[in-house]
Amino acid sequence: MSTTATQAFAGAGAAEDNRTAEQRVEGAMSAFARGFGATVAMNMESCIHCGMCADACHFYIATEEAKYTPIWKAEMFKRAFRRESGAFAPFFKILGLKKKVTLEDLEEWQELLFDSCNLCGRCSLICPMGLEVAELIEIGRRGMYEAGLAPKELVDRAAQQAETGVPEAVEKPYADLLKEIGEKHGVDIVLDKGKADIMVCAPRSDLNRNPSSVAAMVKVLNKLGANYTFRSDAIVAENYGYYAGSNGLQKTIAKRVVDQAKKVGASLVLVPECGHAYYSLRWQAAELMGETLPFKVRHVTEYFAEQVAAGKLKLNKVDGLPTAFHDPCQLVRKGGVMDAPRTLMSELGVNLKEMYNHQGYSFCCAGGGGMNDIERSRPLRLKAQEMKLREVDDTGAKRFLTSCSDCRVAFDDAGEHFNWDKKTESLVELVADNIKE
Amino acid sequence: MTLLEFARGPMLHFALLVFVFGVIWRLVSVALLGFRKHYSEERNSNDKALMVGTATCGLRSWPHKEFIGRTAFGEAVGYGYHIGLFTIVLLGAPHVIFWQNLFGFSAPWWPTLPGGLITVVSVLTVVLMLIATIRRAMHPPLRQISNFDDYFTLAILYAIMLSGLWAVLGGPGRYEFILAAHIISFNLLLIWFPFGKLMHAFYIFPARFVNGYLHAKKGAAT
Ligand code: HEM
Ligand code: HEM
Ligand code: SF4
Ligand code: SF4
């Protein structure tokens, strides 16, 4: 790998990281080993090197470059495991069958672990051994963070979000932004109520780019007469700690949401249209905190679908425009929200044209896992997206929906680049626009 | 002691010891790491997750339709040489006798296939293994991820297959010597088994089960 790539990567304050190379690798490996239980170790141990995972990954499929083979992205950690802590570690060490992993190796692997993986989980479904390939990559990222080798873009955002609750420098506090959105779109947004059944968050990317989606969610909540509130101290739904691979920052960021939810006595935290926010709060927050959370976590589509099923939310039928839906990976494939979006679409009478790869098997938007934020990965991302846009076109759809703001950011960027004739719309907005009075 | 006696005697016993204890240790060392407690509210009950985990053990043997277009060839070859290997080892007359002697039982009901048929299967299996090896060396992702273990394991299997065929087809050389080579290669396979990828035979179902189970708890795709 070229030095420029390596330099570009010098993340997590690598420049001022004054530990020795040895100590940094050590840090990476012990953080990695912490992620270990029997299940992860089994994943480490059982790869048969069949290469099939490459055939699941959009980055390999789009480029046919061998280095994008999913299990190869975890190679350094797999190697270190076999050499340092596997069942026959001394054997591999003495015979020199597994080379020692060096800081240079890890530097070289930054690109593979962060710049060319969305943590989308598709590779985990193809593996004939049943390995959780994507989880190995995710744990590898956590090791990289500890070695000071996570990309700066992600680390800076994560650190800032952990400290201030907002992942970027903002001119206006998000609470003010939220109020403005309410005024502009004519919806009453409940903010900082002392007690509420439901605490709601908003995706940072929607606050900035698609405020109408935030307004739409609120409109439906108001219509349902839900007892909800946003909290100034925990508006942002995303968790940049998850992207950056930092257990510590991810936990701090999650704790902010958890604390606010506890404070208002919420029995439900509603995650807006953001896949990663859902996965990290729904499936990782409690694990990081080591406690069962005193509230349920639901995605907004899940909650709305429940209301539809309970007869509390009635929707008008929309036009017959052929429509494709992109399943956000963290929400559907990995998060398990399989049916809710389709329940809503069928209630809306959407003329759904499924892509060949859909629901659990859909291709990622290619922007997930922090890749939207890593500018230098854009050329690779676009290659994968070209494929995805074609798949959407192949359905003959005229309307294109999804339920993740991060996916929309990715599609918008690709759409602009390729002069795509479709706009990526929010499913929640479609719901909000078609409430039966 | 002749070479053949050595191969059938002390070496085989040593190899069996390494195999049994090695396999047990490799499995136990993983299990010792412990299974973590999970705190997230699960989507599906434990019973359902157990069911899905069990189902995944079988279902993952067939690729999802979304993948089959890209993986069919590799999988067909893989199925081919596995079926070949199992047929030879479990239905070839000399092997059936060997297993009975090894485990000390007599099983007149154990079916065998005619030697000629086994020879044909053996040749086909070698051809499929050749294809797998060539793919490993040529197909970019396979080439990228392959290491010593992959080639060494294949080399041992070739040694077994070729010496076996040599003995059956009566190639040049003394029969005892060729047979000794066959058995020594088999012993090597046993010795290497716990250290390398051959462990997949033991890991495959636990790995599929665990991941199917954990995914089912979340309601995620399996
Ligand atoms: C429970 C029994 C077993 C199962 C379910 C199983 C399954 C698999 C699978 C899924 C693969 C990957 C296939 C591919 O590359 O397309 C594989 C590869 C392989 N298996 Fe097995 N296996 C079993 C037992 C064995 C045994 C007993 C041996 C040999 C003595 C063996 C030898 C191999 C070899 C050598 C490869 C890799 C070939 C290569 O280099 O590509 N397997 N096995
Ligand atoms: C090309 C495929 C193979 C052929 C044609 C073949 C053929 C033979 C023959 C002719 C014998 C001699 C039996 C005797 O004279 O006592 C033998 C023995 C044996 N074979 Fe194979 N074999 C093949 C593959 C394998 C494989 C894949 C294994 C195990 C993985 C295996 C394990 C053994 C063992 C352990 C014996 C020793 C039996 C004894 O101690 O007499 N063979 N084989
Ligand atoms: S998680 Fe997705 S992006 Fe990452 S290696 Fe697997 S298939 Fe590729
Ligand atoms: S598909 Fe699974 S077994 Fe095959 S190379 Fe990838 S991780 Fe290893």
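Everything quoted here is computed from the prediction, not taken from an experiment.

Caption draft 1: Structural detail: the coordination of the iron atom of ligand 2. Residue and element names in this part refer to chain B. In the first shell of the iron atom of ligand 2, the protein supplies H95 (NE2) and H182 (NE2), at 1.9 Å from the metal. Coordination at the iron atom of ligand 2 comes from six donor atoms whose angles at the metal span 86 to 179°, giving a geometry best classed as octahedral. In this pair, H95 sits in helix 4 (residues 93-103) while H182 sits in helix 8 (residues 175-192), placing the two residues 87 residues apart along the sequence.

Caption draft 2: A look at empty space enclosed by the protein. Taken as a whole, this structure holds 10 cavities of 30 Å³ or more when the rule is applied. Of the pockets and cavities examined, the largest cavity occupies roughly 180 Å³. Lining the largest cavity are 20 residues, and of these C47(A), H49(A), K78(A), R82(A) and D149(B) lie nearest its centre. Within the residue set of the lining of the largest cavity, elements represented by two or more residues are helix 3 (38-45) and helix 6 (75-85) of chain A together with helix 7 (148-169) and helix 9 (200-218) of chain B. Tallied by class, the residues present in the lining of the largest cavity amount to five nonpolar, five polar and 10 charged.

Caption draft 3: Highlighting the sheet that holds strand 6 (residues 351-352) of chain A. All names here are of chain A. Ordered in space as 6-5-7-8, the four strands form an open sheet in which the pairing is parallel. Each edge of the open sheet carries a strand with a single partner, namely strand 6 and strand 8 (424-426). Helix 21 (residues 405-417) rests against strand 5 (322-326), strand 7 (399-402) and strand 8 of the sheet, and its axis sits at about 160° to strand 8.

Caption draft 4: Just the side chain of Q161(A), in detail. Residue and element names in this part refer to chain A. As for its placement among the helices and strands, Q161 is situated in helix 11 (residues 152-164). A distance of 2.7 Å separates the side chain of Q161 from the backbone oxygen of E238, its partner in a polar contact. Those residues in contact with Q161 that lie beyond four places of it in its chain are V166, P167, V236, E238, N239, Y240, I253 and R256.

Caption draft 5: Summary view of the site of ligand 4. Taken together, 13 residues form the shell around ligand 4, and within it C47(A), C50(A), G51(A), C53(A) and C127(A) come nearest. More than one chain reaches ligand 4: the nearby residues come from chains A and B. Taken together, the residues that form the shell around ligand 4 break down as 11 nonpolar, two polar and no charged.

Caption draft 6: Focus on the pattern of salt bridges. Counted according to the given criterion, the structure contains 40 salt bridges over all chains. For E138(A), the salt bridge goes to R142(A), with nearest N and O atoms at 2.8 Å. In this pair, E138(A) and R142(A) are both assigned in helix 10 (residues 133-146), four residues apart and thus about one turn of the helix distant. The exposure classification of E138(A) matches that of R142(A), with both residues buried. K217(B) is paired through a salt bridge with E42(B); the nearest N and O atoms lie 3.2 Å apart. Taken together, the residues K217(B) in helix 9 and E42(B) in the loop between helix 1 (3-31) and helix 2 (46-59) connect sequence positions 175 residues apart. Here K217(B) falls in the buried class, since its relative accessible area comes to 16%.

Caption draft 7: Representation of the pairing of strand 5 of chain A. Residues and elements named next belong to chain A. Of all five residues in strand 5, four are buried, a share of seventy percent or more. Of the pairings in the sheet, the one linking strand 5 to strand 6 comprises two bridges and is parallel in character. Paired with P322 across the bridge in strand 6 is N351. Handedness of the β-α-β unit built from strand 5, helix 19 (residues 340-347) and strand 6 comes out right-handed. Where strand 5 meets strand 7, four bridges bridge the pair, whose relative direction is parallel. When the sheet's bridge partners are listed, A324 is paired in strand 7 with F400.

Caption draft 8: Structural view of the environment of I181(A). Residue and element names in this part refer to chain A. Locating I181 in the fold gives a position in helix 12 (residues 174-185). Placed 113 residues apart in sequence, I181 and P294 show a C-alpha to C-alpha distance of 30 Å. The residues contacting I181, other than those within four sequence positions of it, are L207, P211 and A215.

Caption draft 9: Highlighting the coordination of the iron atom of ligand 1. Residue and element names in this part refer to chain B. The protein atoms that coordinate the iron atom of ligand 1 are H82 (NE2) and H200 (NE2), at distances of 1.9 Å. Coordination at the iron atom of ligand 1 is octahedral, judged from the six donor atoms that bind it and the angles of 87 to 179° they form at the metal. Here H200 lies in helix 9 and H82 lies in helix 3 (residues 65-91), a separation of 118 residues in the sequence.

Caption draft 10: Spatial organisation of the interface of chain B and chain A. Contact residues are listed per partner, giving 57 residues for chain B and 69 residues for chain A. Here chain B and chain A share an interface that buries about 5,400 Å² over both sides, 59% of which is from carbon and sulfur atoms. Counting across the interface, chain B meets chain A through seven salt bridges. Linking E41(B) and R282(A) is a salt bridge whose minimum nitrogen-to-oxygen distance equals 3.9 Å. Inspection of the chain B/chain A interface yields 30 residue pairs in polar contact (both at pLDDT 80 or more). Broken down by secondary-structure element, the contributors of at least two residues to the side of chain B that touches chain A are helix 1, helix 3, helix 6 (140-145), helix 7 and helix 9 of chain B. At 12 residues, helix 9 of chain B tops the list of elements feeding residues into the side of chain B that touches chain A.

Caption draft 11: Geometry of unusual backbone geometry. Residue and element names in this part refer to chain A. For L119, which is not glycine, the phi torsion reads 55° and is therefore positive. Relative to the helices and strands, L119 is located in the loop between helix 8 (103-115) and helix 9 (123-126). Of note in the backbone geometry, D192 takes a positive phi value of approximately 55° without being a glycine.

Caption draft 12: A look at the domain arrangement of chain A. All names here are of chain A. For chain A, the assigned domains are domain 1 (18-147), domain 2 (153-309) and domain 3 (322-433). Contacts between the two partners involve 32 residues from domain 2 and, on the opposite side, 32 residues from domain 3. Here domain 2 and domain 3 share three salt bridges between them. When the shortest N-O distance is used, the salt bridge between R157 and D373 registers 2.4 Å.

Cut-off values and rules
Residues numbered from 1 in each chain as written. Chains lettered and ligands numbered in written order. Predicted model: local features only at pLDDT ≥ 70, side-chain atom pairs only at ≥ 80, totals over all residues. Heavy atoms only, no water. Donors = N, O, S within 2.8 Å, 3.2 Å for Na, K, Ca; no water. Tetrahedral: all angles 85-135°; square planar, octahedral: opposite > 155°, others 65-115°. Helix = DSSP H or I, 4+ residues; strand = E, 2+ residues; numbered from the N terminus. 1 Å grid on protein atoms, 1.4 Å probe; cavity = no way out; pocket = protein on both sides within 12 Å on 5 of 7 lines; lining within 4 Å. Points joined across faces, edges and corners; volume = space filled by probe spheres on them. Nonpolar A, V, L, I, M, F, W, Y, C, P; charged D, E, K, R; others polar. Pairing = 2+ DSSP bridges. Contact = heavy atoms within 4.5 Å. Axes fitted to C-alpha atoms, helices over the stretch in contact; angles between N-to-C directions. Polar contact = N/O pair within 3.5 Å; in protein donor to acceptor, adjacent residues only side chain to side chain. Near = heavy atom within 4 Å. Salt bridge = Lys/Arg side-chain N within 4 Å of Asp/Glu carboxyl O. Buried < 20%, exposed > 50% of the residue type's maximum accessible area, 1.4 Å probe, protein only. Right-handed = clockwise from strand over helix to strand, strands pointing away. Buried area = accessible area lost by both parts, 1.4 Å probe. Domains from an automatic or database assignment.

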